[in-house]
Amino acid sequence: MSGYTKKFRDLIKKVEATRAKRVETAKKGEHFPALTLEQRSEWLNKYHPDYKDEGRRAVRVGPNKGTVLPEEVADLLESRSRLNLDKVDLSKADYETDVLVIGAGGAGTAAALTAQEKGLKVIVSTKLRHGDSNTVMAEGGIQGADQEGDSPYYHYLDVMGGGHFSNQAPLVAALTNDAPLIMHWLEDLGMMFDKLPDGRMKVRHGGGTSRKRMHSSGDMTGAEIMRVLRDETRNRTDDIKVLEFSPAVELLLDDKGNAAGAILYNLETKEYYVVRAKSVIIATGGFGRLHIQGFPTTNHYGATADGVVMAYRAGVKIQDMDSTQYHPTGAIFPEQNVGLLITEKVRGLGAQLLNAEGEQFCFPLEPRDVESSCIIRECTDEARGVTTPTGRLGVWLDSPMIDILHGEGTVRKELPAKYIQFKRYDIDISREPMLVYPTLHYQNGGVAIDDMAETTVPGLFCAGEAAGGVHGRNRLMGNSLLDVLVFGRRSGLGASEHASKSSGGGKLTIEHVKKFNDGLEKEGITDVPEGPVILPDYTPDHVSARRWGD
Ligand code: MEZ
């Protein structure tokens, strides 16, 4: 019994017909030729959603006024505060702390642990539960040059090349130089890495890597990282207080322009609270739930770029926010799995991408933006995609090759989560291929920071997906889990240093939001929704139409 329809099962026969020959070639170490640099640039220009003019416009207010961005991002940056500023009472703080961390995924939790190690008191505020984030959803691995024959130097070159040399070099140097230290830190915290029988790390290639440096924990690498970070935080509750279901909605500054806290919103009681802090770290993640250009997403429910909105209102510039990462392999069937991440590790283990005729059409480990462009090209101009019953187009990812190449049981051992996610719908991915198409995975840009994760507002730091510049216009696999830990820790160090020097007694103000509102009014931008949006609204039009009370 298979969860695939009869039409799909007939099409799968074409995949099976070419499989033996493809496996034989793969065993010889031969592969479909990678694109030349010229072809890459041609394919990107023609097929990648970032390179299209439609769906973009210049933002009309704030530090990046005039920058062309996806409409969804421009709209969000032009949103109005959720607060009635005349009612806000800053005369008394509800909470006081040395360091306020906004966001409790990988970056926020790493920042909190690091600041606590420096002897400081930390409050972590988070929209949902501790750990609800893109970190837990990252599957295939974390990069780090800690193996023989590799070095941070090669890692640095790969990151710069993957980002088409648009990355901020000092940030890439920080990322790649700290990576071996991060691997040790994770091992010390108790992370269960995949290992070889002799105890060495099992490492693999990811798209665009010149050395095997992808460390993993099955296909739940991010969940395993978050497990050890969260456990460690729970060992330190005397100094680290976690406020769940309490997203920040505005930053607070002091009368000298330093970061001085934030206003939190209690999702249960709908009350607002004032937190005073000597340093503030934004670690709120990315914008996947804005569904840029209508794409489905791999992201967690709270990924609505709140930190970028708050920092922008405080006068901090953003960079590369016009650049979105579409992961090449998002599920398109069954319908319940649409947008779900099919980790790059599947291709790292040897699975190939095939069109409706069962033919290969691209090198499976191109950088992600190039790989996505190849798939879009195959489904559009080349018209060799497979159509699902709901009209989605995609290509095959031939996962059964993995067991043939590496031995029976490899899929279940290396990709247990993926195996279960499909088995629920009677699809055994060790025997049947998956149908995939690019899905919105990552916000490449974000808040501008320096190599200690500090922004241009003194005492305001930003780490992880909310920050920009590290990956330039295209991130390579496994560098996001690394980024959250490297810049999480660096922001924790920077924020501790700033907090230790600060008396923290300045007058709290929200004048910057008033000024931002004035800017909106001056531009005639009046009829705009509230931001940050906090949670995406999936109410269908026919339901909204019956909400007669609103
Ligand atoms: O870094 C990522 O985005 C990642 C690990 C994703 C994946 O394909 O597994």
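Residues numbered from 1 in each chain as written. Predicted model: local features only at pLDDT ≥ 70, side-chain atom pairs only at ≥ 80, totals over all residues. Heavy atoms only, no water.

Chemist: What's the story with the layout of surface pockets in this structure? I'm lost.
Modeler: A water-sized probe, rolled over the atoms, reveals where empty space remains. Taken as a whole, the second largest pocket spans an internal volume of roughly 570 Å³. In terms of lining, the second largest pocket is formed by 22 residues, of which the most central are R347, G348, L349, G350 and L365. Among the secondary structure elements, those contributing two or more residues to the lining of the second largest pocket are α1 (6-27), β7 (203-204), α10 (345-348) and α12 (400-406). Residue classes in the lining of the second largest pocket are distributed as 9 nonpolar, 8 polar and 5 charged. (1 Å grid on protein atoms, 1.4 Å probe; cavity = no way out; pocket = protein on both sides within 12 Å on 5 of 7 lines; lining within 4 Å. Points joined across faces, edges and corners; volume = space filled by probe spheres on them. Helix = DSSP H or I, 4+ residues; strand = E, 2+ residues; numbered from the N terminus. Nonpolar A, V, L, I, M, F, W, Y, C, P; charged D, E, K, R; others polar.)

Chemist: What exactly am I supposed to notice about the packing of helix α6 (residues 152-162) against helix α7 (residues 169-189) here?
Modeler: Axis angle and axis distance: for two packed helices, these are the angle between their axes and the distance between the axes, and together they describe the pair. With their axes 9 Å apart at the nearest point, α6 and α7 run at an angle of 140 degrees to one another. Between α6 and α7, the crossing angle belongs to the class labelled oblique. Of the two possible hands of crossing, α6 and α7 adopt the one that is right-handed. In this structure, α6 uses P152, H155, Y156, V159 and M160 to contact α7, whose residues at the interface are A169, V172, A173, L175, T176, N177, A179 and P180. (Axes fitted to C-alpha atoms, helices over the stretch in contact; angles between N-to-C directions. Parallel < 35°, antiparallel > 145°, perpendicular 65-115°, else oblique. Left-handed = near helix turned anticlockwise from the far one by under 90°. Contact = heavy atoms within 4.5 Å.)

Chemist: Whenever I open this one, the nonpolar core confuses me. Can you help?
Modeler: Considering soluble globular proteins, one finds that nonpolar side chains tend to be buried as a cluster. Counting residues in hydrophobic clusters, the biggest one holds 138 residues, and the most contacted among them are V99, I142, L186, W396, L485 and F487. For this core, the element with the highest residue contribution is α7, accounting for 10 residues. (Core = buried A, V, L, I, M, F, W, Y, C linked by side-chain atoms within 4.5 Å. Buried < 20%, exposed > 50% of the residue type's maximum accessible area, 1.4 Å probe, protein only.)

Chemist: Explain the state of the cysteines here, please?
Modeler: Think of a disulfide as a covalent bridge from one cysteine sulfur atom to another cysteine sulfur atom. Going through the model one piece at a time under the given rule, you end up with 0 disulfides. In this structure C362 is not part of a disulfide, and its nearest cysteine sulfur, from C374, lies 4.6 Å away. Taking the relative accessible area as the measure of exposure, C362 reaches 2% and is therefore buried. You can call C374 buried: its relative accessible area is 3%. (Disulfide = S-S within 2.5 Å.)

Chemist: What am I meant to see in the sheet that holds strand β21 (residues 467-468) here?
Modeler: The pairing of strands in a sheet happens through backbone hydrogen bonds and is either parallel or antiparallel. The strand order β13-β19-β21 describes an open sheet built from 3 strands, whose pairing is mixed. Of all the strands in the sheet, just β13 (318-319) and β21 have a single pairing partner and so form its edges. As defined by bridge partners, strand β19 (residues 446-448) adjoins β21 across 2 bridges and the pair is classed as parallel. Looking at β21, one finds that A448 is bridged to G468. (Pairing = 2+ DSSP bridges.)

Chemist: Which parts of the structure should I look at to understand a nonpolar patch on the surface?
Modeler: A contiguous nonpolar patch, built from Y153, Y154 and L157 and spanning about 300 Å² of accessible area, is present on the exposed surface. Assignment of secondary structure puts Y153 in helix α6. Y153 sits in the exposed class, given a relative accessible area of 53%. (Patch = residues over 30% accessible without salt bridge, like charges linked within 9 Å, V, L, I, M, F, W, Y side chains within 5 Å. Areas by Shrake-Rupley, 256 points an atom, 1.4 Å probe, with all protein chains shown as cover. Salt bridge = Lys/Arg side-chain N within 4 Å of Asp/Glu carboxyl O.)

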